[in-house]
Amino acid sequence: MSQNQFIPLCVPHLKGNELKYVTECVETEWVSSAGKYVNLFEEKIAELTGAKHAIAVVNGTAALHISLLLAGVQPGDEVICPTATFIAPINAVRYLFADPIFMDCDQYYNIDVLKVRDFIANNTTFNNGFTYNAKTGRRIAAIIPVHIFGNAVQMEDLVDLCAERNIRIVEDATESLGTRYTSGRFKGKSAGSIGEFGCLSFNGNKIITTGGGGMILTDDSKLAQKARYLTTQSKDDEIRYIHNEVGFNYRLTNLQAAIGVAQVESFASILKTKKENYLAFKEQIGLIPGLSIADQPSFADNNCWMYAMQIDVAKFGADREQVMKYLADNKVQSRPLWYLNHLQKPFKSFETFKITKALEMLETTLNIPCSANLTASEVTRVVQVLKSLRNGK
Ligand SMILES: *Cc1c(COP(=O)(O)O)cnc(C)c1O
């Protein structure tokens, strides 16, 4: 590889049976939303996550939309959301004409469970079996814990709190396929299999991809059946076209699922490389004064989807924007944390609660290349570029 080869942030790794299975779909003309790969992909994801049911959908955002709908989120309800996340879960809340309440993050970029507890304890009331926001009088119907960058959310306290207060949990596990709890009450459980619903994404930058795709996970057979119904246009009689509810055209195609099945076959090796590169970066970047790779929660085996580099600007001598530019000049792609949702134009007017850490994380975080096919020499090159910036070349 040339010294000057561009190193992207995160690209798919499609070196297994992807082409073979897609070719089979085309040759047999099973390309649309029915076909063996859709079922097979659902089975494989259910097996991988331990969820009883997995329903394939067009993308992770659609999975969130339908899960929130089935969790009973109604127009005028409120939903507790992290501010530090990709915008999709907040959009899904708004699709249902509900309002987000924005929470801070913890040191792993995940929703700060202590602050959620603080908010529930001091800013809400519990009446007739439901939790209400004391300020707005509106029902708090649900919460969306997002397992950011594959880091497992501390779910134990959240599950207890939400059970006490009848707040439904829709896990956004779109970044955390493969993340498993290794201690505590949920030992052995996968991210996305703990809440009433879990949502996965197979977008191009996720740990495995179908080009675009998503999955709804649930252990509840009735809800699974309803999810399948709603995502296929609520068809009650498919011969006479009888529809008793407003439905959605949200089903994944066989073509996409075929890629997904092949990706699942490669998943163990993708996970292994992700972890090796995470550890290599953690060690080598940790030696550069002012830089470090973020820790992960110790109660889980995290999937290492994204490598969050943290910059101590005073010690390192350059800020996030300067580091990003220097890396780009040296053909290494990097990205800051998503701009915080409570600051985004469509969401500015919604409630926030004690957000401080997320603002700090936004300023100091830069994600560095994490593709599953990133080589050891590319890891070294990224480290060298960072060292040269620190040392003024
Ligand atoms: C990727 C992502 C989604 C949405 O997935 P799509 O498949 O792109 O719709 C939702 N939430 C988070 C946190 C994500 O990173």
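Residues numbered from 1 in each chain as written. Predicted model: local features only at pLDDT ≥ 70, side-chain atom pairs only at ≥ 80, totals over all residues. Heavy atoms only, no water.

**Student:** How should I be thinking about the overall build of the protein in this particular structure?
**Tutor:** In terms of helices and strands, the protein carries twelve helices and 18 strands. Principal axes of the C-alpha set define a box for the protein whose edges measure 70 × 60 × 40 Å. Counting the 393 residues in the protein, one finds 54% classified as buried. Taking all contacts inside the protein whose residues are at least 6 apart in sequence as the whole, residues at least 24 apart take part in 73%. For the protein, the exposed surface amounts to about 16900 Å²; the carbon and sulfur share of it is 51%. Positive and negative side-chain charges of the protein, numbering 41 and 41 respectively, have mean locations separated by a distance of 3 Å. (Helix = DSSP H or I, 4+ residues; strand = E, 2+ residues; numbered from the N terminus. Buried < 20%, exposed > 50% of the residue type's maximum accessible area, 1.4 Å probe, protein only. Contact = heavy atoms within 4.5 Å. Areas by Shrake-Rupley, 256 points an atom, 1.4 Å probe, with all protein chains shown as cover. Lys, Arg positive; Asp, Glu negative; His and termini not counted. Charge placed at Lys NZ, Arg CZ, Asp CG, Glu CD.)

**Student:** Explain the site of the ligand to me, please; I cannot follow it from the model alone.
**Tutor:** As a structural note, the neighbourhood of the ligand is formed by 16 residues, with Thr61, Asp172, Glu175, Ser201 and Lys206 the closest of them. Here a nitrogen atom of the ligand and a side-chain polar atom of Asp172 are 2.7 Å apart. Within the side chain of Thr174, one N or O atom sits 3.1 Å away from a nitrogen atom of the ligand. Placement of the ligand is best described as lying within the largest pocket. When residues of the shell around the ligand are traced back to their parent elements, those giving at least two are helix 3 (60–70) and helix 4 (88–95). Here the element with the most residues in the shell around the ligand is helix 3; it accounts for three residues. Grouping the amino acids of the shell around the ligand by side-chain chemistry returns five nonpolar, eight polar and three charged. (Near = heavy atom within 4 Å. Polar contact = N/O pair within 3.5 Å; in protein donor to acceptor, adjacent residues only side chain to side chain. 1 Å grid on protein atoms, 1.4 Å probe; cavity = no way out; pocket = protein on both sides within 12 Å on 5 of 7 lines; lining within 4 Å. Sits in = over half its atoms within 2 Å of the grid points. Nonpolar A, V, L, I, M, F, W, Y, C, P; charged D, E, K, R; others polar.)

**Student:** In this structure, what is going on with the nonpolar core? I would like to understand it.
**Tutor:** A general tendency of soluble globular proteins is for nonpolar side chains to be buried together. With 110 residues, the main nonpolar core has Ile45, Phe281 and Met309 as its most contacted residues. In terms of residue count, the dominant contributor to this core is helix 8 (residues 254–285) (twelve residues). In contact with Met309, other than residues within four places in its own chain, are Ile285, Leu291, Ser292, Ile293, Val323, Thr364, Thr365, Leu366, Ile368 and Leu386. The next biggest cluster of nonpolar side chains, apart from the first, holds 24 residues, and it includes Phe119, Ile120, Ile194 and Ala300. (Core = buried A, V, L, I, M, F, W, Y, C linked by side-chain atoms within 4.5 Å.)

**Student:** Can you help me understand unusual backbone geometry in this one?
**Tutor:** Most peptide bonds take the trans configuration, and most residues that are not glycine carry a negative phi. Positive phi, close to 65°, is recorded for Glu29, a residue that is not glycine. Residue Glu29 is classed as exposed on the basis of its relative accessible area, which comes to 68%. Although it is not a glycine, Phe97 adopts a positive phi angle of roughly 60°. The residue Phe97 is located in the loop between helix 4 and strand 3 (99–103) in this model.

**Student:** Just to check I follow, could you spell out the pairing of strand 4 (residues 124–127) for this structure?
**Tutor:** Where strand 4 and strand 5 (residues 130–133) come together, four bridges link them in antiparallel fashion. Counted as the bridge partner of Thr124 is Asn133 from strand 5. (Pairing = 2+ DSSP bridges.)

**Student:** Honestly, the layout of surface pockets in this entry has me stumped. Any pointers?
**Tutor:** Gaps left between atoms show up when a probe the size of a water molecule is rolled over them. Quantified by volume, the largest pocket comes out at close to 480 Å³. Lining the largest pocket we find 31 residues, and of these Phe86, Asn205, Lys206, Trp305 and Trp338 sit closest to its centre. If you list the elements that add at least two residues to the lining of the largest pocket, you get helix 3, helix 4 and strand 16 (335–336). A volume near 220 Å³ is recorded for the second largest pocket. Residue classes in the lining of the second largest pocket are distributed as no nonpolar, four polar and five charged. (Points joined across faces, edges and corners; volume = space filled by probe spheres on them.)

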